[in-house]
Amino acid sequence: MVREIRENELHELLELYLFLHEESVPETTEHLTNTWKDIIGDKHHHIIVKEVDGKIVSSCVCVVIPNLTRNIRPYALIENVVTHEEYRKKGYATECLNYAREIAERENCYKMMLLTGSKKDSTLQFYSNAGYNSTDKTAFIQWMNKI
């Protein structure tokens, strides 16, 4: 089943993020709790999950950003695409991305964007097969100092 995350599934999501780039699950602090409440309460912020046998095994984030150009149509940003390593190559991340596309279409977005830090051909081919291209735009990133 592909669906949006439930409020009580934060810890399971944070465990899944260990297969993304996180080294540990963050401590349950006031900052974490408040950030989670902000995300869950934001109608533009969608955390999509694939559930298999009651376990979240894949996820992506889709944020719909209101916009004043393109006939006042929003756009969507995809982030944190991840699948548990034991569940990869089964199409679960593609299902999550397709669900994100449904959200973007429902919200009348004129485009969807995602960035990946991976240089692996298999990852780049995965995104290409999912309908994304790397030729229309050039991405630039400015990393902020850590606190």
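Look up a bit, the structure's there.
Residues numbered from 1 in each chain as written. Predicted model: local features only at pLDDT ≥ 70, side-chain atom pairs only at ≥ 80, totals over all residues. Heavy atoms only, no water.

A.B. asks: Would you mind showing me how to read the pairing of strand S2 (residues 45-52) here?
C.D. replies: On a regular strand, one side chain projects to one face of the sheet and the next to the other, so that they alternate. Summarising burial for S2: seven of the eight residues are buried, a large majority. Pairing analysis gives three bridges linking strand S1 (residues 2-4) to S2, with the strands arranged antiparallel. The partner of glutamate 4 across the bridge, within S2, is isoleucine 48. The pairing of S2 with strand S3 (residues 55-65) spans eight bridges and is classified as antiparallel. Counterpart to histidine 45 in the pairing with S3 is valine 63. Counting the residues between successive antiparallel strands, the hairpin from S2 to S3 contains two residues, one of them, aspartate 53, with a positive phi of roughly 50°. (Buried < 20%, exposed > 50% of the residue type's maximum accessible area, 1.4 Å probe, protein only. Helix = DSSP H or I, 4+ residues; strand = E, 2+ residues; numbered from the N terminus. Pairing = 2+ DSSP bridges.)

A.B. asks: How should I be thinking about the pattern of salt bridges in this particular structure?
C.D. replies: Oppositely charged side chains may form a pair once their charged atoms are brought near each other. One pass over the structure, following the stated rule, counts six salt bridges. Between arginine 3 and glutamate 51 there is a salt bridge, with the nearest N and O atoms lying 2.7 Å from each other. One end of the pair, arginine 3, is in strand S1; the other, glutamate 51, is in strand S2, with 48 residues separating them in the sequence. For the pair arginine 3 and glutamate 51, a shared accessibility class is recorded, and that class is buried. (Salt bridge = Lys/Arg side-chain N within 4 Å of Asp/Glu carboxyl O.)

A.B. asks: Got a minute to help me understand unusual backbone geometry in this structure?
C.D. replies: Leaving glycine out, the prevailing phi sign among residues is negative, and the prevailing peptide bond configuration is trans. Phi is positive for aspartate 53, which is not a glycine, with a value near 50°. Mapped onto the elements, aspartate 53 comes out in the loop between S2 and S3. By relative accessible area, which is 81% here, aspartate 53 ends up exposed. Of note in the backbone geometry, isoleucine 72 takes a positive phi value of approximately 60° without being a glycine. Mapped onto the secondary structure, isoleucine 72 falls in the loop between S3 and strand S4 (75-83).

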